[in-house]
Amino acid sequence: MEGLTLQHQHGKAKVRVARLWRLSSGEHRLVEWNVSISITSHVLPAFTDGDNSKIVATDSIKNTVYALAKQCKQELSLEDFGVIVGQHFVRTYPKIVTGSKIILFEKPWERVSVDGAKHNHGFMLGSGKHTVEVIVGSDGHAKVTSGIADLALLKTTQSGFENFVRDKYTVLKDTNERMLASSLTASWSYSRKPANYHKQWEAVKTALTDTFFGPPRTGVYSPSVQNTLFLMAKAVLNRFPEVESVYLNMPNIHFLPVNLPTVGVTFDNDVFLPTDEPHGSIEARLSRKDAMPKSKL
Ligand SMILES: O=c1[nH]c(=O)c2[nH]c(=O)[nH]c2[nH]1
């Protein structure tokens, strides 16, 4: 290895597990998780010399997810499960494993209501997955980042886009009346552990969506996706002191005006062509200044 360095990790990607808890009341609690595990460990000889004697097999890593899920006798958050999995490998093999990174998704199964009453064991799939990244160091400390992926949002008015750069390729007209649609992906990191990860996730999601939509009767005017994104991220930092940084990705999903005068369709903010691609791509990270690493200041 003279003159060479090798960075390496191994694990199992996309382990799918559903965990059901049957409460004595008759109510069932269900989660469906997708767990990717990556460990850093002293296995250089496996790469350089074919010596597997220090490899924790990826098959065993996959089985560990099911074993740990079985051991969780009570419902727990995706974050808490990620920390349990991440710490397991570091604690079980302190001489071999130096760290772990666990990436998790939860499918948005939502309890249904029938005749206005919550169903004991019926679920329907909603939109927007809960996401988590857990990084565990050799000391067992876990750094948790929570998030949401692909939360579909749309409002039919209170959005515009004006006074942007005009050049010889510009055809877009100023407008103060348009549809605003996005598929929100967000993540936020904690400087300290919240009292309850799941409740915190719900509260951050509410802060994001309330700011996107505004009050129920009037809404709130959005002069651009950029401004709305900034206000959404700021609402999270204002409401939650334990959150140190928020990243938002908000594609601008276009609903194009349909103008077909020869068949009697002139656009009056009523008939649109919904599109997926291309879409505007707008993302930003908002952090507290004191949370920025020194090198980035
Ligand atoms: O909210 C918007 N931001 C943009 O940067 C942009 N660019 C564009 O063509 N439409 C929009 N809308």
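Residues numbered from 1 in each chain as written. Predicted model: local features only at pLDDT ≥ 70, side-chain atom pairs only at ≥ 80, totals over all residues. Heavy atoms only, no water.

Where an unreviewed UniProt entry is consulted, the protein chain appears under the name Uricase, with the organism given as Ceratodon purpureus. Taken verbatim from the UniProt record of the protein chain, the Subcellular location (unreviewed entry) comment is "Peroxisome". (UniProt positions renumbered as here; feature names shortened; annotations may be inferred.)

Summarising burial for strand E8 (residues 180–190): 9 of the 11 residues are buried, a large majority. Here 9 bridges tie strand E7 (residues 142–155) to E8, and the two strands are oriented antiparallel to one another. Looking at the pairing, Ala-152 lines up with Ser-183 of E8. Both E8 and strand E9 (residues 243–249) contribute to a ladder of 6 bridges, which runs antiparallel. In the sheet register, Thr-185 faces E9, and the bridge partner there is Asn-249. (Buried < 20%, exposed > 50% of the residue type's maximum accessible area, 1.4 Å probe, protein only. Helix = DSSP H or I, 4+ residues; strand = E, 2+ residues; numbered from the N terminus. Pairing = 2+ DSSP bridges.)

Bringing the packing of aromatic side chains into the picture now. Scanning the entire structure with this criterion turns up 5 aromatic pairs. Ring centres 5.2 Å apart and planes at 80° place the aromatic pair Phe-267 and Phe-272 in the edge-to-face group. One cation-aromatic arrangement involves Lys-155 over Phe-212; the distance from NZ or CZ to the ring centre is 5.9 Å. (Phe/Tyr/Trp six-rings, centres within 6.5 Å; stacked < 30°, edge-to-face > 60°. Lys NZ or Arg CZ within 6 Å of the ring centre and 35° of its normal.)

Our next topic: helix H5 (residues 225–239). For H5, which comprises 15 residues, the first-to-last C-alpha distance of 21 Å matches the rise-based estimate of 21 Å (1.5 Å per residue) to within 8%. Of all the residues in H5, the buried ones are Val-225, Thr-228, Leu-229, Met-232, Ala-233, Ala-235, Val-236 and Leu-237. Lining the buried residues of H5 we find E8, helix H4 (197–213), E9 and strand E12 (283–287). (Expected span 1.5 Å × (residues − 1). Contact = heavy atoms within 4.5 Å.)

Residues Val-35, Ile-37, Phe-81, Trp-188 and Leu-208 are the most contacted members of the largest nonpolar core, which totals 56 residues. When neighbours within four sequence positions are excluded, Leu-208 is seen to be in contact with Ile-148, Leu-184, Ala-186, Trp-188, Met-232, Val-236 and Leu-248. (Core = buried A, V, L, I, M, F, W, Y, C linked by side-chain atoms within 4.5 Å.)

What follows concerns the pattern of salt bridges. Counted according to the given criterion, the structure contains 9 salt bridges. In this structure, Arg-29 and Glu-27 form a salt bridge, with 2.6 Å as the shortest nitrogen-oxygen distance. Its relative accessible area of 22% is what places Glu-27 among the partly exposed residues. The partner of Asp-174 in a salt bridge is Arg-166, and the shortest N-O contact between them spans 3.3 Å. Overall, Asp-174 belongs to the partly exposed group, its relative accessible area being 37%. Connected through shared salt-bridge partners, Glu-27, Arg-29, Glu-75 and Arg-111 make up one network. (Salt bridge = Lys/Arg side-chain N within 4 Å of Asp/Glu carboxyl O.)

The subject of this paragraph is the UniProt feature "binding site: 5-hydroxyisourate" (unreviewed entry) in the protein chain. The feature "binding site: 5-hydroxyisourate" (unreviewed entry), as annotated in UniProt, sits at Phe-161, Arg-178, Val-225, Gln-226 and Asn-252 in this numbering. Within the secondary structure, Arg-178 sits in the loop between E7 and E8. A residue is classified by how much of its surface remains accessible, and Arg-178, at 17% relative accessible area, is buried. Ignoring any residue separated from it by four or fewer positions in sequence, one finds Arg-178 in contact with Thr-156, Thr-157, Ser-159, Gly-160, Phe-161, Ser-224, Val-225 and Asn-252.

A few words now on the UniProt feature "active site" (unreviewed entry) in the protein chain. Here, UniProt's "active site" (unreviewed entry) annotation points to Lys-12, Thr-58 and His-254. A stretch of 243 residues holds the annotated residues, and the largest C-alpha distance among them is 42.7 Å, long enough that they do not meet in one place. Leave out the neighbours within four places in its chain, and Thr-58 touches His-10, Gly-11 and Lys-12. Tracing the backbone shows His-254 in the loop between E9 and strand E10 (255–257). When sequence neighbours within four positions are dropped, the list of residues in contact with His-254 reads Leu-273, Pro-274, Thr-275, Pro-278, His-279 and Gly-280.

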